[in-house]
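Coordinates in review
For reference, the chains in residue letters:
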Amino acid sequence: MILAAGRGTRLRPLTDEIPKAMVPFAGKPLLEHVVRLLARHGFDDLVINLHHLPQVITDYFGDGRAWGVSITYSLEDELLGTAGAVRQVADCFDGPFLVYYGDNLTNFDLGDLWQTHQREGKIASIGLLWMDDPTTRGIVGLDARNRITRFIEKPRPDQVFDNYWVNAGIYALQPEILDRIPPNTPCDFSEVFADLLAAGRPLLGHPLRGQLLSTDTPERYRHACQCVDSGAFALP
């Protein structure tokens, strides 16, 4: 599932006319790069949630056939949060599935994450990376077996601990996690993961190989474009 319903208010005025997942990189929308990345790693049955200017996305991608995938759309009249969006289409997931935050441009090895998740069999495997400034994302601590020991969403500078990893916004999940998400209620995965940790359920952290570029502010978007244009970031 690709999460693409956000309004992108911090990217205005660019997002007054296009969804934030459709901002351009190298002549193609961000979301097209995401779809190509997923298809290359064997994820060809996709669900995309929509809210802001949904027709821009549906008109561009249609049923996904041109990219070798099948796309189902989930329209949200009111935003449901990262986990609530997945819960709304629970019927689409009868086996392990992947969640990808659609406002991130990455070239990660998703196959490595997927294979590890399948082998370990935990309820959730969270893709991780390292960043200098983790205060705009969630951070986790890992034990020697890569099990997550703590999770802090958007930590203050004084909450950042040593040897942290950053939540990359890519999860491999078992269908049973859907039972932990309240239906028809806004809910984020940070809440679900915190509840699972409190209940003693083991969550796996998986350091990813590759790069991530954020696009959620004008400054980050400009930086991401510079990285792509200069070749410092290899498009998937």
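All of the points below concern the structure found in this document. (Residues numbered from 1 in each chain as written. Predicted model: local features only at pLDDT ≥ 70, side-chain atom pairs only at ≥ 80, totals over all residues. Heavy atoms only, no water.)

1. Some words on the overall build of the chain
To keep things clear, this is the line we draw: For helices the rule is a DSSP run of H or I covering at least 4 residues; for strands it is a run of E covering at least 2, with both sets numbered from the N terminus onward. Each radius of gyration is computed over the set of C-alpha atoms, and the globule rule expresses the reference value as 2.2 Å times the number of residues to the power 0.38. The buried label applies to any residue whose accessible area, calculated with a 1.4 Å probe on protein chains only, is under 20% of its type's maximum; exposed applies above 50%, and partly exposed to all values in between. Should any heavy atoms of two residues lie within 4.5 Å, those residues are counted as being in contact. Note on areas: Shrake-Rupley, 1.4 Å probe, and residue coverage restricted to the protein chains presented here. Charge counting treats Lys and Arg as positive and Asp and Glu as negative, with His and both chain ends excluded. The location of each charge is read from NZ of Lys, CZ of Arg, CG of Asp or CD of Glu.
Of regular secondary structure, the chain possesses 6 helices and 13 strands. Its C-alpha radius of gyration of 17 Å places the chain within 12% of the 18 Å reference for a compact globule of 236 residues. Oriented by its inertia axes, the alpha-carbon framework of the chain measures out at about 45 × 40 × 30 Å. Taken over 236 residues, the chain has a buried fraction of 51%. Counting contacts in the chain only where the partners sit at least 6 residues apart, residues at least 24 apart contribute 71% of the total. Summing over all exposed atoms, the chain offers an accessible surface of approximately 11000 Å²; the carbon and sulfur share of this is 46%. Here the chain carries 22 positive and 30 negative side-chain charges, and the mean point of each set is 4 Å from the other.

2. Structural notes on the nonpolar core
Where a protein is soluble and globular, its nonpolar side chains tend to be buried together. Put simply, the test is: For this analysis, a nonpolar core means a set of buried residues of the types Ala, Val, Leu, Ile, Met, Phe, Trp, Tyr and Cys, connected via side-chain atoms within 4.5 Å.
In this structure, F25, L31, L38 and L98 are the most contacted members of the largest nonpolar core, which totals 46 residues. Of all the secondary structure elements, the ones that give two or more residues to this core are α1 (30-40), β4 (45-50), α2 (54-61), β6 (97-101), α4 (110-120), β11 (165-173), β13 (212-214) and α6 (218-230). The dominant element in this core, judged by the number of residues it contributes, is α1, at 6 residues. Residue contacts for L38: discarding those within four places in its chain leaves I2, F43, L46, L98, Y100 and L110. Judged by nonpolar contacts, the second largest core, of 30 residues, contains A90, L128, I148 and C187.

3. Focus on the pairing of strand β5 (residues 70-75)
Note the threshold: Paired strands, in this sense, are two strands between which DSSP finds at least two bridges. Classification remark: right-handed applies to a crossover when, strands pointing away from the viewer, the course from the first strand over the helix to the second runs clockwise.
In terms of strand pairing, β4 meets β5 through 6 bridges, oriented parallel. Across the sheet, L50 pairs through a bridge with L75, a residue of β5. As for the winding sense of the linkage, the β-α-β connection from β4 through α2 to β5 is right-handed.

4. Topic: the environment of A26
With respect to the element layout, A26 can be found in the loop between β2 (24-25) and β3 (28-29). Taking the relative accessible area as the measure of exposure, A26 reaches 49% and is therefore partly exposed. Each C-alpha atom of the pair A26 and V228 lies 7.3 Å from the other, and the pair is 202 residues apart in sequence. When neighbours within four sequence positions are excluded, A26 is seen to be in contact with V228 and L235.

5. Quick notes on the pattern of salt bridges
For clarity, the cut-off: Think of a salt bridge as a Lys or Arg side-chain nitrogen and an Asp or Glu carboxyl oxygen that are within 4 Å of each other.
Here the structure, examined in full by the defined rule, presents 11 salt bridges. Of the charged contacts in the structure, one is a salt bridge between D112 and R209, with a shortest N-O distance of 3.3 Å. One end of the pair, D112, is in helix α4; the other, R209, is in the loop between β12 (204-207) and β13, with 97 residues separating them in the sequence. Looking at R209, the relative accessible area reads 52%, which means it is exposed. A salt bridge links R222 to E219, with the shortest nitrogen-to-oxygen separation between them at 3.9 Å. Of this pair, R222 and E219 both sit in helix α6, separated by 3 residues, roughly a single helical turn. Each of D109, D112 and R209 takes part in a single network of salt bridges with overlapping partners.

6. Description of the layout of surface pockets
For clarity, the cut-off: The way it works is a 1 Å grid over only the protein atoms, where trapped points that fit a 1.4 Å probe form a cavity and open points with protein on both sides within 12 Å along at least five of seven lines form a pocket, and then any residue with an atom within 4 Å of a point lines it. Grid points are joined across faces, edges and corners, and a volume is the space filled by probe spheres set on the points. Note on residue categories: nonpolar means Ala, Val, Leu, Ile, Met, Phe, Trp, Tyr, Cys or Pro, charged means Asp, Glu, Lys or Arg, and polar means any other residue, Gly included.
There is about 950 Å³ of room inside the largest pocket. Lining the largest pocket are 36 residues, and of these K20, T82, Y101, D103 and K154 lie nearest its centre. Looking at the lining of the largest pocket residue by residue, the class counts come to 11 nonpolar, 14 polar and 11 charged. Counted as a void, the second largest pocket has a volume near 340 Å³. Taken together, 18 residues line the second largest pocket, and the ones lying closest to its centre are D45, L46, C92, F93 and F97. Contributions of two or more residues to the lining of the second largest pocket are made by β4 and β6.

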